[in-house]
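# Observations on the three-dimensional arrangement
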Amino acid sequence: MTASLFFFLILGGLSIASSLMVVFQRNVVHSAMSLVATLFLVAVLFLTLEAPMIAVLQIFVYAGAIMVLFLFLIMFL
């Protein structure tokens, strides 16, 4: 097993765990923060797959803009 495969499996497991936390959290804000963690982990997975532009777009578009709108909506309601 190479180091990159091991790193990929660890990141995949962490992203699955954080995505399950999105579903099973009772607090909506904690669920949104778990979603941010999931999106960042997916961006790091893209970096391990040697796709840096998709990783940067993942962080800017989803973890940045979309999650700000989600958190604004949660706080607004």
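In this numbering scheme, every chain counts its residues from 1 along its sequence in written order. With pLDDT at 70 or above as the cut-off, local features in this predicted model cover only qualifying residues; side-chain atom pairs require 80 or more to be listed or tallied, and sums for whole chains, interfaces and linings still use all residues. Here the side-chain values reflect all heavy atoms present in the structure, with hydrogen atoms and water set aside.

### A short note on the confidence of the model for the protein
Under the convention used in this document: On a scale of 0 to 100, pLDDT captures the predictor's confidence in every residue. A run of H or I in DSSP counts as a helix once it spans at least four residues, and a run of E counts as a strand once it spans at least two, with each numbered from the N terminus.
Across the protein, pLDDT averages 90, with 100% of residues at or above 70. Between the elements of the protein, mean pLDDT differs from a low of 87, seen in helix α3 (residues 52-76), to a high of 93, seen in helix α1 (residues 3-24).

### Some words on the packing of α1 against helix α2 (residues 28-48)
Quick note on the threshold: In this description, a line fitted to the C-alpha atoms serves as the axis of each element, helices being fitted only across the stretch in contact, and the angle between N-to-C directions of two axes falls anywhere from 0 to 180 degrees. Here the angle decides the label: under 35 degrees means roughly parallel, over 145 means roughly antiparallel, 65 to 115 means roughly perpendicular, and every other value means oblique. Helix crossings fall into two classes, left-handed where the near helix is turned counterclockwise from the far one by less than a right angle and right-handed where it is turned clockwise. The contact rule is simple, with two residues in contact once any of their heavy atoms fall within 4.5 Å. Under the scheme applied, nonpolar residues are Ala, Val, Leu, Ile, Met, Phe, Trp, Tyr, Cys and Pro; charged residues are Asp, Glu, Lys and Arg; polar residues are all the others, including Gly.
It is at 8 Å that the axes of α1 and α2 come closest, and there the two elements cross at 160 degrees. If you check the angle between α1 and α2, you find them roughly antiparallel. As for the relative orientation of α1 and α2, their crossing is left-handed in sense. Contacts between α1 and α2 involve Phe7, Phe8, Leu11, Gly12, Leu14, Ser15, Ser18, Ser19, Met21 and Val22 from the first element and Ser31, Ser34, Leu35, Ala37, Thr38, Leu41, Val44, Leu45 and Thr48 from the second. Among the residues forming the contact of α1 with α2, the class breakdown is eleven nonpolar, eight polar and no charged.

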